[in-house]
Amino acid sequence: MEAQIANTTETGCEVLVHVDSDHGVRQPATFRCCPLGVQFYSERQVPQYSILNFTLSIPENPHLAKVECSGAVVHCEKLNGDVNYRIWLYFLDLPETARPHLHCFAKEASFLCPFCENF
């Protein structure tokens, strides 16, 4: 899986998530990415408790240009009327040096989950 966050625009950041070799799925405003994990949307269902290896790519931040890590799928559901699955992925080995940078970026981009918004 690869999550690419493209250039920031006046309306926010454009986020594309690629699962395996699938084309990138543009993420809606409810996309979340914080030091705890990622909530993203995919056309593909991912079984709960699967381990995904992924790369976070944030070009504007040299500390997060390419962060390799893994995460466990803790929830996957298809919402009513949506063509995509919403997937909750919990980070297993996000480098400690990347956490504060990811928190700052997520806060600026309004990607923080409700828990992290309080810290």
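The sections below set out a description of the structure shown in this document. All values reported here derive from a predicted model rather than from experimental measurement. (Residues numbered from 1 in each chain as written. Predicted model: local features only at pLDDT ≥ 70, side-chain atom pairs only at ≥ 80, totals over all residues. Heavy atoms only, no water.)

1. So, the pairing of strand β7 (residues 67-78)
As paired elements, strand β6 (residues 51-57) and β7 share 6 bridges and run antiparallel to each other. Its bridge partner being in β7, Thr55 is matched across the sheet by Glu68. The hairpin formed by β7 and strand β8 (residues 85-91) contains 6 residues between the paired strands, and Gly81 there has a positive phi angle of roughly 75°. (Pairing = 2+ DSSP bridges. Helix = DSSP H or I, 4+ residues; strand = E, 2+ residues; numbered from the N terminus.)

2. Description of a nonpolar patch on the surface
There is a patch of nonpolar side chains on the surface, built from Leu36, Ile51, Val74, Tyr90, Leu92 and Phe115 and spanning about 570 Å² of accessible area. Structurally, Val74 is set in strand β7. A residue is classified by how much of its surface remains accessible, and Val74, at 40% relative accessible area, is partly exposed. (Patch = residues over 30% accessible without salt bridge, like charges linked within 9 Å, V, L, I, M, F, W, Y side chains within 5 Å. Areas by Shrake-Rupley, 256 points an atom, 1.4 Å probe, with all protein chains shown as cover. Salt bridge = Lys/Arg side-chain N within 4 Å of Asp/Glu carboxyl O. Buried < 20%, exposed > 50% of the residue type's maximum accessible area, 1.4 Å probe, protein only.)

3. Remarks on unusual backbone geometry
The phi torsion at Tyr49 lies on the positive side, around 75°, for a residue other than glycine. The topology assignment puts Tyr49 in the loop between β5 (37-42) and β6. Even without being glycine, Ser110 reaches a positive phi, approximately 60°. Its location among the elements puts Ser110 in the loop between α1 (99-109) and α2 (114-117).

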